[in-house]
Amino acid sequence: MSLHARLAELASLGARGAGIERGLFSAPEHAARTRIAAWAREAGLAVEQDRAGNLFVRAGDPDQPPIQCGSHLDTVKEGGAYDGAYGVVGGLEALERIVRSGVALRRPIELVAWAGEEGSRFPLGTLGSSVYAGLTPLRALDALIGDDGVAFSDALHGPTGLLADVPLRDGFPALAAYVELHIEQGPVLERAGARLGIVSAIAGQRRFAVTIDGIAGHAGTLPMAGRADALCAASDLVLAVERAARNVGEAVATVGQLAVEPNQINVVPGRVTLRVDARSADEARIDAIEQRLREAAREIAAARQVRLAVDLLEKRAAVSMNARLRGIVRDVCVRLDPRAFELPSGAGHDAMCIAQVAPAAMIFVPSIGGRSHVGDERTAPEDLALGVDALVATMVMLAAAE
Ligand code: HGY
Ligand code: MN
Ligand code: MN
């Protein structure tokens, strides 16, 4: 089954409205993991899973540190067909092609579908890879409650959690190297007319949960004077976050998620919860945004007589890709596309966690119009295929290397 047919089949899992929704351990995401396992077994590859929900497909010695590729199958709400899924389906095709070629490998090769990279159901991004890399203790997952109120462990052990017929591996074994194939999710490659990109570094990201408690009341009888309107306070904070990112420069910050309670037209909002996502290649700039966020919270709380709590949800350091691997990936990519070049990633990836425990590199293919995290996320089919060629060549060089 071709790369494109597999991607199209996965895209149908969770398709709704303008995009795709495959939250971790949802029925569509379970179905996607099930498809990957079935395709892998049809190719004669070994399949395993671990207690974080990561899915592994391996060829070669089970006891040796593998050359690993991978990405994720979960999506954001109304997400696209390629963010994550491309790296998993492309990685599966790479393993199949390498095994079929009969090339002698000194190391096993492995594909991983990391659990919950997007953090779109449980409030922790790069969930599975952060556990694998020891950045999140496995037991910390038990405290996670999904946006639907379901506890992580209940979902993991529920009907759409772990796959019923796949062996469960203990521990998080060492790996020799990691190469992630991903769409760029930005406009840089397309604007430069390049078809392949070598990732130099991945921006650091920090995420916060903010809770604002004001005083609910009757919209018609509560005088404007003296109101403690939680949504007005939240509005001030959202704009303060935007100003902070603009002021520090070379950084981005977004409030993409906000909930109003009781969320009724004729009730003054009593509580607002929102989440902040701040990123930069420079940790000091993220520090500056965090400091401004906390200052603004204090100022707004005093001015509006609300209670305002800012809690850190997760912190992922900016990380450079491994220099030796980057060199190998660069040589491979330039041979396939003379216009290939190095670029940083503003998007986060599982590679930012795995880079903490093994040499890691990433290969990008262009996103049409630079669009991603939206239903019309697109990459030219020939670029998708070229990216897999680059992954195959890279993994063979690493797995066959002396
Ligand atoms: O948010 C990100 O950058 C990634 O898509 N999780
Ligand atoms: Mn994403
Ligand atoms: Mn992704």
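Computed from a predicted structure; not experimentally measured. (Residues numbered from 1 in each chain as written. Chains lettered and ligands numbered in written order. Predicted model: local features only at pLDDT ≥ 70, side-chain atom pairs only at ≥ 80, totals over all residues. Heavy atoms only, no water.)

Brief notes about the nonpolar core
- Counting residues in each nonpolar core, the largest one holds 59 residues, and the members touching the most others are L10, I36, V57, Y86 and I363.
- Apart from the residues lying within four places of it in its own chain, the contact partners of Y86 are L3, L7, G91, L181, H182, I183, V365, D383, L384, G387 and V388.
- Ranked by size, the runner-up nonpolar core spans 29 residues in total, among them A228, A251, V276 and L308. (Core = buried A, V, L, I, M, F, W, Y, C linked by side-chain atoms within 4.5 Å. Buried < 20%, exposed > 50% of the residue type's maximum accessible area, 1.4 Å probe, protein only. Contact = heavy atoms within 4.5 Å.)

Regarding the site of ligand 1
- Every residue close to ligand 1 is listed here: E117, E118, R207, R279, A347, G348 and H373.
- Residue E117 places a side-chain N or O atom 2.9 Å away from a nitrogen atom belonging to ligand 1.
- At 3.0 Å from an oxygen atom of ligand 1 is found a side-chain nitrogen or oxygen belonging to H373.
- Compared with its free state, where it exposes 210 Å², ligand 1 has 94% of that area covered by protein.
- When each cavity is represented as a set of grid points, ligand 1 is found to reside in the second largest pocket.
- Each residue belonging to the shell around ligand 1 can be placed in one class, and the counts come to one nonpolar, two polar and four charged. (Near = heavy atom within 4 Å. Polar contact = N/O pair within 3.5 Å; in protein donor to acceptor, adjacent residues only side chain to side chain. Areas by Shrake-Rupley, 256 points an atom, 1.4 Å probe, with all protein chains shown as cover. 1 Å grid on protein atoms, 1.4 Å probe; cavity = no way out; pocket = protein on both sides within 12 Å on 5 of 7 lines; lining within 4 Å. Sits in = over half its atoms within 2 Å of the grid points. Nonpolar A, V, L, I, M, F, W, Y, C, P; charged D, E, K, R; others polar.)

Section: the coordination of the manganese ion (ligand 2)
- Those protein atoms acting as donors to the manganese ion (ligand 2) are D83 (OD), E118 (OE) and H373 (NE2), and they sit at 2.0 to 2.2 Å.
- Going along the chain, you hit the donors of the manganese ion (ligand 2) in the pattern D-x34-E-x254-H.
- In this structure, the manganese ion (ligand 2) lies 3.6 Å from the manganese ion (ligand 3), and both are coordinated by D83. Of this pair, D83 sits in the loop between β5 (67-72) and α3 (85-101) while H373 sits in the loop between β18 (360-365) and α11 (381-400), and the two are 290 residues apart along the sequence.
- In this structure D83 comes out as buried when scored by relative accessible area, which is 5%. (Donors = N, O, S within 2.8 Å, 3.2 Å for Na, K, Ca; no water. Helix = DSSP H or I, 4+ residues; strand = E, 2+ residues; numbered from the N terminus.)

Some words on the coordination of the manganese ion (ligand 3)
- Here the manganese ion (ligand 3) is held by the protein donor atoms H72 (NE2), D83 (OD) and H182 (NE2), which lie 2.1 to 2.3 Å from it.
- Here the donor residues of the manganese ion (ligand 3) share one chain and are spaced in sequence as H-x10-D-x98-H.
- A relative accessible area of 1% places H72 in the buried class.
- Its relative accessible area of 1% is what places H182 among the buried residues.

Things to note about unusual backbone geometry
- The amide bond that connects E261 to the next residue, P262, takes the cis arrangement and shows omega of 5°.
- You can see P262 is positioned in the loop between β12 (251-261) and β13 (267-268).
- Positive phi outside glycine occurs at Q305, with the angle close to 55°.
- As for its position among the elements, Q305 is in the loop between α8 (283-304) and β15 (307-316).
- For Q305, a relative accessible area of 61% gives the class exposed.
- Of note in the backbone geometry, H373 takes a positive phi value of approximately 60° without being a glycine.

Focus: the pairing of β18
- Most of β18 sits out of view: six of its six residues are buried.
- Neither face of β18 is open: one carries A360, M362 and F364, the other A361, I363 and V365, and all of them are buried.
- In the sheet, strand β8 (residues 177-183) pairs with β18 via six bridges, with the strands oriented parallel. By the bridge assignment, Y178 is partnered in β18 with A360.
- Pairing of strand β9 (residues 197-202) with β18, which is carried by two bridges, proceeds in the antiparallel orientation. From the neighbouring strand, I198 faces β18, where its bridge partner is I363. (Pairing = 2+ DSSP bridges.)

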